Amino acid sequence: MRDDGRTFARLGLLGFCAVAWLLPAAEQGHAQASGDHQYTSEDIEAGSRVYTSECALCHGANGDDVDGVNLRLGQFRSSVSDDDLRGVITTGLASARMPAFDLNSDELNGVIAYIRAGFDPSGVAVKVGDVARGQDLFEGQGDCSSCHRVNGRGPRTAPDLSDIGAVRTPAALQRAILDPITALLPINRPVRAVTRGGETIQGRRLNEDTYTVQLIDSEGRLRSLVKADLAEYEVSNTPTMEPTTLSSDQVADLIGYLLSLRGMQ
Ligand code: HEC
Ligand code: HEC
């Protein structure tokens, strides 16, 4: 059974490469732009077979049979990155009765892809890179910390990301970084208000009801405005954040870092 599965997965992968070769350069570029950040559907397929035969016995069909671990939802005790998962699977957890597995690299890749896809064979499995490298990028080359606040450090103009790893999936984080326009949440929309007194307030909307709007202004102050007191009020659909120009590996590292942010400890 398992051998059939592997052959099938390899053939699938070969088919995929052959198609990629034949694509015109422009489309190939596009395929790479989204594909590099992600595992292929062949990886996920192959991984589902490995999971069923090697892991489901203890972790269960839904991935939640082991206390404190939910593989389908990406909840682990200590792992964050794909390399962390690779480490756990290949060395096991002796203290916790999880054996070491001797999987070939396609099988290992596949089972990680299957976990990252949320056990959904047609899902999106985003690669998750290294936390420490991601933090360096966040504070350095990526320039993220010039707008975002983490654990009490940084400005308040952009959303505070201190617990973003607990509230967003890897796929949502990837979308926010690569494609801020489609990722823009209503709650994060930039607003501009002019009071009847003539003061212009720019900021980010936190909350709004029929009569009032709460926002964080550009100085980082929480403001509550009564709409009847405003001469102008606009909510923009254009995100403040630009799509990143970092490489796919760097984006994977950033996602690793963001997933490690789970609120002040
Ligand atoms: C014999 C039972 C058993 C099998 C088979 C098993 N596991 Fe585990 N696994 C465990 C236990 C128990 C834990 C909890 C460890 C702990 O409490 O820290 C665990 C934990 C994990 C974790 C979480 C690590 C973390 O950082 O919290 C991952 C990921 C994982 N297993 C993946 C797998 C995969 C993938 C397979 C199949 C290739 C597999 N396991 C097969 C028993 C098993
Ligand atoms: C110019 C300021 C600015 C920079 C630089 C910036 N961001 Fe943002 N980011 C924002 C703002 C503002 C939002 C809210 C949505 C919007 O307006 O784009 C946001 C939204 C996000 C979100 C979504 C938050 C949520 O609630 O889901 C993530 C994740 C994120 N940014 C990560 C990053 C990372 C990683 C970098 C560095 C590569 C970065 N940002 C650089 C301003 C910035």
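Just above sits the structure.
No experiment lies behind these values; they were computed from the predicted model shown.

Participant: Please explain the layout of surface pockets as it appears in this structure.
Facilitator: Empty pockets left among the atoms are what a rolling probe the size of a water molecule brings to light. Estimated volume of the largest pocket: approximately 1400 Å³. The set of elements that each furnish at least two residues to the lining of the largest pocket consists of α7 (164-167), α8 (170-178), α9 (180-183), β2 (200-208), β3 (212-217) and α10 (248-260). The element contributing the most residues to the lining of the largest pocket is α8, with five residues. Residues lining the lining of the largest pocket come from more than one domain, with at least three contributed by each of domain 2 (131-184 + 242-260) and domain 3 (186-235). Contributing to the lining of the second largest pocket are 24 residues, with H59, V66, V69, L93 and M98 lying nearest its centre. Put simply, the parts of the chain that give the lining of the second largest pocket at least two residues each are α3 (41-59), α4 (82-91) and α5 (105-116). A total of five residues in the lining of the second largest pocket trace back to one element, the largest contributor, which is α3. Split into classes, the residues belonging to the lining of the second largest pocket amount to 17 nonpolar, three polar and four charged.

Participant: Just checking my understanding: could you explain the site of ligand 2 for this structure?
Facilitator: Close to ligand 2 lie 20 residues, the nearest being C144, C147, H148, R168 and M241. Within the side chain of H148, an N or O atom sits 2.8 Å from a nitrogen atom of ligand 2. N188 is positioned such that a nitrogen or oxygen atom in its side chain is 3.3 Å from an oxygen atom of ligand 2. When atoms are counted within 2 Å of each cavity's grid points, the one that captures over half of ligand 2 is the largest pocket. No other element matches α8, which puts three residues into the shell around ligand 2. For the shell around ligand 2, the per-class residue count stands at 14 nonpolar, four polar and two charged.

Participant: What is the right way to look at the coordination of the iron atom of ligand 1 in this model?
Facilitator: Each angle at a metal carrying four tetrahedral donors should ideally be 109.5 degrees, and each at a metal carrying six octahedral donors should ideally be 90 or 180 degrees. The iron atom of ligand 1 binds to the protein through H59 (NE2) and M98 (SD); the donor distances cover 2.0 Å. Around the iron atom of ligand 1, the six donor atoms sit at angles spanning 87 to 179°, and that spread fits a shape best called octahedral. Of this pair, H59 sits in helix α3 while M98 sits in the loop between α4 and α5, and the two are 39 residues apart along the sequence.

Rules of the game
- Residues numbered from 1 in each chain as written.
- Chains lettered and ligands numbered in written order.
- Predicted model: local features only at pLDDT ≥ 70, side-chain atom pairs only at ≥ 80, totals over all residues.
- Heavy atoms only, no water.
- 1 Å grid on protein atoms, 1.4 Å probe; cavity = no way out; pocket = protein on both sides within 12 Å on 5 of 7 lines; lining within 4 Å.
- Points joined across faces, edges and corners; volume = space filled by probe spheres on them.
- Helix = DSSP H or I, 4+ residues; strand = E, 2+ residues; numbered from the N terminus.
- Domains from an automatic or database assignment.
- Nonpolar A, V, L, I, M, F, W, Y, C, P; charged D, E, K, R; others polar.
- Near = heavy atom within 4 Å.
- Polar contact = N/O pair within 3.5 Å; in protein donor to acceptor, adjacent residues only side chain to side chain.
- Sits in = over half its atoms within 2 Å of the grid points.
- Donors = N, O, S within 2.8 Å, 3.2 Å for Na, K, Ca; no water.
- Tetrahedral: all angles 85-135°; square planar, octahedral: opposite > 155°, others 65-115°.

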